[in-house]
Each structure stands twice: as structure tokens, then as C-alpha cells.
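Understanding the architecture of this molecule
What follows is each chain in one-letter form.
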Amino acid sequence: MSKPVVLVTGANGEIGRTLLQRMHTDGRYRVVTVDLTPLPEKYRGFCLETYAGNIMDRYLLDQIAAHHEIEVVFHLAALLSTRGERDPELAHQVNVEGTLHLLRMAQNQSARLGRPVRFIFPSSIAVYGMPSVDEKKKVGRVREQDWNVPITMYGCNKLYCEHLGRYFTQYFRQLSALSSAARLDFRSLRFPGLISAETVPTGGTSDFGPEMLHAAAQGQPYECFVGPDAKIPFMAMPDAVTALVHLLEADRSKLTETVYNVSSFSESAGQIADRVRASFPGAQISFKPDAVRSKIVDSWPEDMDDSRARADWGWKPAYDVERAFAEYLIPTIRKRYGARSA
Ligand code: SER
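Sequence order as written defines residue numbering, which begins from 1 separately in each chain. In keeping with the model being predicted, local features are shown solely for residues with a pLDDT of at least 70 and side-chain atom pairs are shown and tallied solely at 80 or more, while totals for entire chains, interfaces and linings include all residues. Note: side-chain values were computed over all heavy atoms of the structure, leaving out hydrogens and water.

Focus: the site of the ligand
L80, S81, S124, Y154, G204, T205, S206 and W300 make up every residue found near the ligand. Two N or O atoms count as a polar contact when they lie within 3.5 Å, although within protein this holds only if one can serve as hydrogen donor and the other as acceptor, and sequence-adjacent residues are included solely when both atoms are side-chain atoms. Contacts to the ligand include S81, whose side-chain N or O atom sits 2.5 Å from an oxygen atom. Side-chain polar atom of S206 to a nitrogen atom of the ligand: 2.9 Å apart, as the coordinates give it. Values of accessible area rely on a 1.4 Å probe in the Shrake-Rupley scheme; residue burial ignores everything except the protein chains shown. In isolation the ligand exposes 230 Å². Once the protein is present, 91% of that is buried. Being near a molecule or strand, for a residue, means having at least one of its heavy atoms within 4 Å of it.

What follows is the structure, given as C-alpha cells:
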């Protein structure tokens, strides 16, 4: 069989593209991707092989597994929270059944290789459900084990898949005393809202942050779907990818849990608008809260306690809010939209 590879699902998405770029720069991994839509030429060049197809297609996954020795899976493909509320059944299919297909495939690979396939799974702030804005303010930073009562299909899906991953890692086929070398090694991160200078997300509820910024950079007006006081944590995309790679490379013996919060800065929609206006003085940002999307954002905590990730595998974001805007978001976005971003 050929040399081991890293399989990335949802490779053409927001996180995927930045991850492919990072792995290409690192030069340490041979990457195989699968996504519904074909990767643009630039990203195809970073990969050993790319598959355009659906993770619900078990035949496709079997084919990929038959052709490659997969030692790592980054399972990024998902339907985000607003999209999931529009089509909860589809969200469940993609986010849960799709994940189960990937877990099964990784499990088979682990048994075949005789060593645990590392399975990296981005989970989300959406697994939390704060009962009220008052409680949210009072609580501040939440720990992994608290407030696990999501109000979206996406949040429910992510929370359940975290459990599935833990189950596959520790208990799969426990009656037949399967050796732990033949089980997979599932590792998950709960991300806050992510902001990328390269792409605008689709179908999320934390999208107001990146949408505001990208609209201003293109000279377009933006009507924000939450009020100025709505506050959640965010993270710059390069930090999100660093977190994924560091968790992948962490020594298994140091990991005390399968799920880790990671966070970097918390801002309200109003504060983000002020930062955007400071860089793009012509920005036209108005607030027209949507009742349901606001309720979802209000159910997410103001901040996440990431001390477990810091202690176990040395997590530390490189970008606080000042640096994220000054050194990453604004300059990259200006370059991206060129002359339009006055
Ligand atoms: N960014 C995601 C969303 O808004 C949360 O993980 O759905």
C-alpha cells in the first residue's frame, strides 16, 4: 500500500481551505480531500488526490479507504446552525449520519493498520445552551461539562458526535474486547465563531461578524441580523487551523479528555461594527435583529473556558482581537478586494 495520508472532508469550506494551505506550507502531510464541490485549481495543487462527492456516499468512502492508507481524518464537512434550522432533517443526515460513516471508515482503517487513526473533529460553541441573557452575562466563561443543552439541530448534532467519537475511541466493540490499538483516536475542539479574511461562511449564525467585515471591505451596506449587544467569542481562522494541527500532533498521553474548548476573544456585534468602521470609515452597518437568529446567538455563551486545552496540549491563540484585526483581517481583506476597499 502507498504511504499514509491525511483525509480532509469539507476541504473546500472555510476551515478546509486554510487547513490545506497550512499543511502545504508545513510540507509534512500528504493530503487527500473530499468535498461536494471540486476544489479550485490552487488548492488541488496542495493535494495528492481530490474527490468531488458526498460523505453520505458510502461507496465513495469505501473507495477512498481502499486506495489510501488513511492515518488521520479531519472531518470538517457539516451544515451550520442557521442552515440546520432551515432543514433539520438534512442537517441530521449530514452532521450525524455522515460523521458516523467517517467514524466507521476510520475504525476499519485502525483495525487494518493495527494503530489508532487520529480523527480530528471541529465541534462548536453551539453545543451550549444558556437559558437567558441574564444567566449568560452572569456565567461568562463556560467549562466543557456545563450548559450542554443546545437549542439548534446543529448544536445537538455536534454534541452527539462528540459522544460518538468518545465511544468509538474507548468502548467500540467492548464485548469482543477489541484491542485499543484497533480503535480510533478521536480528538475534538469546540470552536467559537470563526472569522476568515479569505472566505465568507455560509449558513452559520456567527456569520454576522465576518459578513459585516467583508461587506464593508467591498463597499456594500450590511444589515446585521443580531442587535449590537449580542456577544459571543470569536477566533481568527489562522488560530483555528493552528488549534486543529496542534491537537492532531499532541501526545496522546497528555490528553485527559476527548473534547476541548478553544477561545481567543469575545466581542459584541456593536464592538465588531466599531472596529470595522475604524478601518473602513465609509462602512454602512445597520442593525435589524432577526428574532430566531438572535435567540440562537443569545443561547451561546459569552466566552468559553479553554484552560483544559491550555494545560493539556499548550493551546494559546496567537491573535487577540487587536492583532486579529490589525495584522490579519484588515490587511488580508484589503488585498483581497483591492481598490474597492477604500
Ligand atoms: N459558526 C457556527 C455557526 O454559526 C457555529 O459553530 O453555525
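Let's talk about the sheet that holds strand β10 (residues 231–236)
Strand pairing is assigned whenever DSSP identifies at least 2 bridges connecting the two strands. For the purposes of this entry, the term helix denotes a DSSP run of H or I that reaches at least four residues, the term strand denotes a run of E that reaches at least two, and both are numbered from the N terminus. Strand order in this open sheet of 3 strands is β8-β10-β12, and the pairing throughout is mixed. Sheet topology places β8 (193–195) and β12 (265–268) at the edges, where each strand pairs with a single neighbour. When the angles between neighbouring strand axes are averaged without regard to direction, this sheet yields 45°. Relative to β12, β10 runs antiparallel, the two sharing 4 bridges. Between the N-to-C directions of two axes lies an angle of 0 to 180 degrees, each axis being a line fitted to C-alpha atoms and, for a helix, fitted only over the stretch in contact.

What to know about unusual backbone geometry
Both trends apply: most residues other than glycine have a negative phi, and most peptide bonds are in trans. Here the phi dihedral of W147 falls at roughly 55°; this positive angle occurs in a residue that is not glycine. On the secondary structure map, W147 appears in the loop between β6 (141–142) and α7 (153–170). At R173, a position not held by glycine, the phi torsion is positive, near 55°. Note on placement: R173 falls in the loop between α7 and β7 (185–191).

Some details on helix α3 (residues 58–67)
Listed as buried for α3 are L60, L61, I64 and A65. Summarising the axial view, the buried residues of α3 lie within an arc of 135°, below the 170-degree limit, and thus occupy one face. Opposite the buried face of α3, by more than 90 degrees, sit the exposed residues Y59, D62, A66 and H67. Check the buried side of α3 and you find it contacts β1 (4–9), β2 (31–35), β3 (49–52), β4 (69–75) and α5 (88–113). Only protein chains enter the area calculation, which uses a 1.4 Å probe; residues under 20% of their type maximum are buried, those over 50% are exposed, and those in between are partly exposed. In this description, the arc belongs to the directions extending from the helix axis to the C-beta atoms. Contacts are residue-level and defined by heavy atoms, with any inter-residue pair within 4.5 Å sufficient.

Looking at helix α1 (residues 14–26)
To estimate the expected span of a helix, count its residues, drop one, and scale the result by 1.5 Å. In this model α1 runs 19 Å from its N-terminal to its C-terminal C-alpha over 13 residues, within 8% of the 18 Å that 1.5 Å per residue would give. Following α1 by one or two positions, G27 has its phi on the positive side, about 70°.

Concerning the sheet that holds β1
Read from one edge to the other, the open sheet built from 7 strands follows the order β3-β2-β1-β4-β5-β7-β11, with strand pairing classed as parallel. Bordering the open sheet on either side are β3 and β11 (259–261), each of which pairs with just one other strand. When strand polarity is set aside, the average angle formed by the axes of neighbouring strands in this sheet is 20°. Relative to β11, β7 runs parallel, the two being bridged by 3 bridges. Bridge pairing in β11 places R190 opposite N261. Along the sheet, α1 makes contact with β1, β2, β4 and β7, crossing β1 at roughly 155°. Across the sheet, α5 touches β1, β4, β5 (118–124) and β7, and the angle it forms with β4 is around 155°.

Some words on the pairing of β5
With 6 of its 7 residues buried, β5 lies for the most part within the structure. Across 3 bridges, the pairing between β4 and β5 is parallel. Bridging across to β5, F74 finds its partner in I120. Judged from the 7 bridges that link them, β5 and β7 form a sheet pairing that is parallel.

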